[in-house]
Amino acid sequence: NCSSRALGDTASLQIQDSFVQYEPGDTDSSNLAIHSQLLEAESELVESHRRSCLSAMERLRLLKEEESLVTGAWKRFAISLSNLYSYEKEVETSRVGDKENKDNMPYRKLNKTTVDELLRVMARQKLDRSVSSLAVIDAMLRAYVGDLTAVGPSVKAY
């Protein structure tokens, strides 16, 4: 038994259609008027969903621009850290004596290429964490808008 508030109570998995079933032999004008009004109401509902989806696409576009700026900031941060590390290594190698203090420096055994590679990976991960998912959402919204846009002319043709 399949019962759901969305599907209604039905004994099978057939989805109940929200459109009123129209039978061509039915010539009662009140039924035709109700059918026409329901089609108009559902067409307006679809148009409302389309406008909401277009609004979501605009917000997504703004979010993608913002993520682009954040990605640029992460790249600049990685470059700054790399430069800071180079400076620290330069200061470390220029120190004379003070052998005990050099042993306590945790970054002493890392070379610059390792640090650069790790920072590059970090910046790339910050980019990949959002851009790929935003692209999928964008493709999904574009397909949804396309489907919703096709409903209006189809209902008018009907």
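Refer to the structure presented above.
Scope of this entry: the structure provided in the associated data block. Model, not experiment: these values are computed from the prediction.

So, about the packing of aromatic side chains. Inspection of every chain in the model, using the stated rule, returns one aromatic pair. Ring centres 5.7 Å apart and planes at 85° place the aromatic pair Trp74 and Phe77 in the edge-to-face group. With Trp74 and Phe77 both in helix 1 (residues 29–94) and three residues apart, this pair spans about one turn of that helix.

Moving on: the pattern of salt bridges. Inspection of the entire model under this criterion finds seven salt bridges. A salt bridge links Arg61 to Glu58, with the nearest nitrogen and oxygen atoms 2.5 Å apart. With Arg61 and Glu58 both in helix 1 and three residues apart, the pair spans about one turn of that helix. Exposure remark for Arg61: the relative accessible area of 38% places this residue in the partly exposed category. Judged by relative accessible area, Glu58 falls into the partly exposed class, the value being 36%. In this structure, Glu117 and Arg120 form a salt bridge, with 2.7 Å as the shortest nitrogen-oxygen distance.

Moving on, we get to helix 3 (residues 112–157). Its 46 residues place the ends of helix 3 68 Å apart at the C-alpha level, agreeing with the 68 Å of an ideal helix rising 1.5 Å per residue. Of all the bends in helix 3, the largest measures some 30° and sits at Asp128.

Time to look at the side chain of Glu67. As for its position among the elements, Glu67 is in helix 1. A residue is classified by how much of its surface remains accessible, and Glu67, at 12% relative accessible area, is buried. Discounting chain neighbours no more than four positions away, the residues touching Glu67 are Arg129, Ser130 and Leu134.

Counting six residues, the largest nonpolar core consists of Cys53, Met57, Leu60, Leu134, Leu141 and Val145. Discounting residues that sit within four places of it in the chain, Leu134 has contacts with Leu60, Leu63, Lys64 and Glu67. Listed in part, the five residues of the second largest apolar core include Ala78, Tyr85, Val115 and Ala123.

What counts and what doesn't
- For every chain, the first residue of its written sequence is number 1, and the numbers climb from 1 along that sequence.
- Residues qualify for local features only when their pLDDT is at least 70, as the model is predicted, and side-chain atom pairs are given and counted only at 80 or more; totals for whole chains, interfaces and linings, by contrast, use all residues.
- Hydrogens are left out, water is left out, and the side-chain values use all remaining heavy atoms of the structure.
- Between the rings of Phe, Tyr and Trp (Trp by its six-membered ring), a pair exists once the centres lie within 6.5 Å; its type follows the angle of the planes, with under 30 degrees stacked, over 60 edge-to-face, and the other angles tilted.
- Put simply, DSSP marks the helices as runs of H or I at least four residues long and the strands as runs of E at least two long, and each gets a number from the N terminus on.
- A pairing counts as a salt bridge when a side-chain nitrogen of Lys or Arg comes within 4 Å of a carboxyl oxygen of Asp or Glu.
- Burial classification: accessible surface area is computed with a 1.4 Å probe over protein chains only, and a residue below 20% of its type maximum counts as buried, one above 50% as exposed, and the rest as partly exposed.
- A helix is expected to span 1.5 Å multiplied by its residue count minus one.
- Working definition for bend: take the seven residues up to and ending at a residue and the seven starting at it, fit an axis to each, and measure the angle between the axes.
- Throughout, a residue-residue contact means that at least one pair of heavy atoms, one from each residue, lies within 4.5 Å.
- In this description, a nonpolar core means a group of buried Ala, Val, Leu, Ile, Met, Phe, Trp, Tyr and Cys residues linked to one another through side-chain atoms lying within 4.5 Å.

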